[in-house]
Amino acid sequence: MERFTIVESAHVVPERVVTNDELATFMDTSDEWIHSRTGIHQRHIVSNESTSDLATTVAEKLLAQANLSANQLDFIIVGTMSPDYLTPSVAQQVQGRIGATNAFAFDLSAACSGFVYTLSMASKLLATKYQRGLVIGAEVLSKLVDWEDRSTAVLFGDGASGVLLQQTVEDTGLLAEALKTYGDQSEFLTAGRQRNSNHFVGDIVAADPYFHMNGREVYNFATRQVPAVLSQALETAQLTANDIDVYVLHQANARIIASIAKRFGQPIDKFPTNVVNYGNTSAASIGILLDELRATGVVHQGQKIALAGFGGGLTAGALIIQL
Ligand code: ACO
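Keep in mind it's a predicted model, so treat the numbers as computed, not measured.

J.: Let's hear about the pattern of salt bridges: which residues, and what values?
T.: Enumeration according to the criterion identifies 6 salt bridges in this entry. Across the pair Asp-171 and Arg-3 runs a salt bridge, and its minimum N-O distance is 2.6 Å. Of this pair, Asp-171 sits in the loop between strand E8 (159-166) and strand E9 (173-181) while Arg-3 sits in strand E1 (residues 2-3), placing them 168 residues apart in sequence. The salt bridge involving Asp-28 is made with Arg-150; its shortest N-O contact spans 3.5 Å. Within this pair, whereas Asp-28 is found in the loop between helix H1 (20-23) and helix H2 (31-38), its partner Arg-150 is found in helix H6 (residues 150-153), the two being separated by 122 residues in sequence. One continuous salt-bridge network, built from bridges that share partners, spans Glu-2, Lys-124 and Glu-177.

Here's what the structure looks like:
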């Protein structure tokens, strides 16, 4: 077991809500189409906020809730696929803005598996000399969306979430994990393609910021690979699916989640969702849901929970955590 405790959780979403009906005013779609295929009814979209603004708000909330000062942090890791810059990273911007002078900070890019991958890396750091750190998932996906492409525009939303993790001597933390990468299937989901453009090329080719996705392939990938990584992590932890109190899955599509619950022979109540309100917020989604579930007491100390993400890369990952 990699021991740590989740001291606090927090999330933030932009104020502006965009419903499916509003999307239908400027693209050929409908609430019926979107909701029946994805479970999404609305998403939050930024007005002026950047990814680092959202991530900084989450960091400030976590510190305030825990009554800690920023210089008590040893590290900050941000999972994101939509940073403000290539450099500095979002984590480095957060570190500077909150004044976490003793923390090192870096981003981790694993798209919608970002929260799971980041939490896994943090647990390794906490097994060494580092006492305390922030794990944040933050995304402004609305800037990567081609608002004329209805096949992707209806799916994504903006938001950020995070947890404050701390070393502990208690028997809590990561019981097992399974992280998988399928780089040979990377073309099924891409965004933010950088192109060669330099003094010597001559023609400057515009970069392509937008999402391109083969939705069917990603759907099939998720319904196959999430059960596979969850099974592998459960086996490593010598647990069965029944031993898990709550499954906190990446919120991309309610149908994907229902299919995974069915495959595991588990009641759908153990797979809560909030995709209806936020759409797919990539690396932020698991943390937003986790924070809501902690706030309502659905997730609490003493439970075993499973987190699982999947997405661009292609990537998949599952963590079994003893709270
Ligand atoms: N409104 C209305 N019609 C639409 C829309 C829309 N927004 N988008 C597509 N359509 C049309 C298509 O043009 C197609 O029409 P046609 O049959 O005349 O060609 C029809 O609807 C069916 O399209 P499909 O792609 O077959 O629809 P499907 O049932 O597969 O659902 C969806 C599409 C929702 C995208 C599904 O494939 C899915 O959820 N895939 C997983 C995607 C995902 O989770 N991606 C995120 C990964 S996480 C990350 O890393 C960012």
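Read on, since the account is not over.
J.: Now, about the nonpolar core: what can you tell me, with residues and values included?
T.: One finds Phe-211, Leu-230, Leu-234, Tyr-247, Ile-260, Phe-310 and Ile-320 to be the most contacted residues of the largest nonpolar core, which totals 51 residues. Top contributing element to this core by residue count: helix H7 (residues 215-236), with 9 residues. Both domains that meet at this core, namely domain 1 (2-169) and domain 2 (174-322), each give it at least three residues. Every residue in contact with Ile-260, bar those within four places of it in the chain, is listed here: Ala-222, Val-226, Pro-227, Leu-230, Leu-249 and Phe-271. Membership of the second largest hydrophobic core comes to 29 residues, among which are Ala-122, Leu-165, Leu-293 and Leu-307.

J.: Lay out the sheet that holds strand E6 (residues 104-108) in plain terms, naming residues and giving numbers.
T.: With respect to topology, 5 strands assemble into an open sheet ordered E2-E8-E7-E5-E6, the strand pairing being mixed. Edge positions in the open sheet fall to strand E2 (5-12) and E6, since each of these has one partner strand only. The average angle at which neighbouring strand axes cross in this sheet is 15 degrees, direction not considered. In this structure, strand E5 (residues 75-79) lies alongside E6, joined through 5 bridges in parallel fashion.

J.: Mind laying out the domain arrangement of the protein, listing which residues take part and the relevant values?
T.: Structurally, the protein comprises domain 1 (2-169) and domain 2 (174-322). Listed as interface residues are 54 residues of domain 1 and, on the opposing side, 45 residues of domain 2. Around 3800 Å² of area is buried between domain 1 and domain 2 when both sides are counted, 62% of it from carbon and sulfur atoms. Across the contact surface, domain 1 and domain 2 share 1 salt bridge. Residue Glu-177 pairs with Lys-124 through a salt bridge whose shortest N-O separation is 3.0 Å. In this assembly, domain 1 and domain 2 are joined by 27 residue pairs in polar contact (both at pLDDT 80 or more). Among the elements of the structure, E2, H2, strand E4 (42-44), helix H5 (114-126), strand E7 (132-139) and E8 are those that each provide at least two residues to the side of domain 1 that touches domain 2. Broken down by element, the side of domain 1 that touches domain 2 gets its largest block of residues, 9 residues, from H5.

J.: Break down the environment of Trp-33 for me, with residues and values.
T.: Locating Trp-33 in the fold gives a position in helix H2. Residue classification places Trp-33 among the partly exposed residues on the basis of a relative accessible area of 37%. Expressed as a C-alpha distance, the spacing of Trp-33 and Asn-20, which sit 13 residues apart in the sequence, is 9.3 Å.

J.: An account of the packing of aromatic side chains is needed here, citing residue identities and associated values.
T.: Across all of its chains, the model carries 7 aromatic pairs by this definition. On the basis of an interplanar angle of 5 degrees and a centroid distance of 4.1 Å, the ring pair of Phe-156 and Phe-211 is categorised as stacked. Taken together, the positions of Phe-156 in the loop between H6 and E8 and Phe-211 in the loop between strand E10 (189-190) and strand E11 (212-213) put the pair 55 residues apart, joining distant regions of the chain. Overall, Phe-156 belongs to the buried group, its relative accessible area being 5%.

J.: Any chance you could break down the side chain of Asp-158 for me, citing the residues and the numbers?
T.: Along the polypeptide, Asp-158 turns up in the loop between H6 and E8. There is no salt bridge for the buried Asp-158, and the closest opposite charge comes from Lys-143, which lies 8.5 Å off by N-O distance. One polar contact links the side chain of Asp-158 to the main-chain amide nitrogen of Leu-141, over a distance of 2.8 Å. Here the side chain of Asp-158 touches Ser-142 through a polar contact of 2.7 Å, side chain to side chain. Leaving out residues up to four positions away in the same chain, Asp-158 has contacts with Val-13, Pro-14, His-44, Ile-45, Val-46, Glu-139, Val-140, Leu-141, Ser-142 and Thr-281.

J.: Describe in detail the pairing of E5, supporting the description with residues and values.
T.: In terms of burial, E5 is a largely internal element, 5 of the 5 residues being buried. A two-sided burial pattern is seen for E5, the buried positions comprising Phe-75, Ile-77 and Gly-79 on one face and Ile-76 and Val-78 on the other. Taken together, E5, helix H4 (residues 90-98) and E6 form a β-α-β motif whose crossover is right-handed. One ladder, built from 5 bridges, connects E5 with E7; its direction is parallel. Within the sheet, the bridge partner assigned to Ile-77 lies in E7 and is Val-135.

Reading guide: rules and limits
Residues numbered from 1 in each chain as written. Predicted model: local features only at pLDDT ≥ 70, side-chain atom pairs only at ≥ 80, totals over all residues. Heavy atoms only, no water. Salt bridge = Lys/Arg side-chain N within 4 Å of Asp/Glu carboxyl O. Helix = DSSP H or I, 4+ residues; strand = E, 2+ residues; numbered from the N terminus. Core = buried A, V, L, I, M, F, W, Y, C linked by side-chain atoms within 4.5 Å. Buried < 20%, exposed > 50% of the residue type's maximum accessible area, 1.4 Å probe, protein only. Domains from an automatic or database assignment. Contact = heavy atoms within 4.5 Å. Pairing = 2+ DSSP bridges. Axes fitted to C-alpha atoms, helices over the stretch in contact; angles between N-to-C directions. Buried area = accessible area lost by both parts, 1.4 Å probe. Polar contact = N/O pair within 3.5 Å; in protein donor to acceptor, adjacent residues only side chain to side chain. Phe/Tyr/Trp six-rings, centres within 6.5 Å; stacked < 30°, edge-to-face > 60°. Lys, Arg positive; Asp, Glu negative; His and termini not counted. Right-handed = clockwise from strand over helix to strand, strands pointing away.

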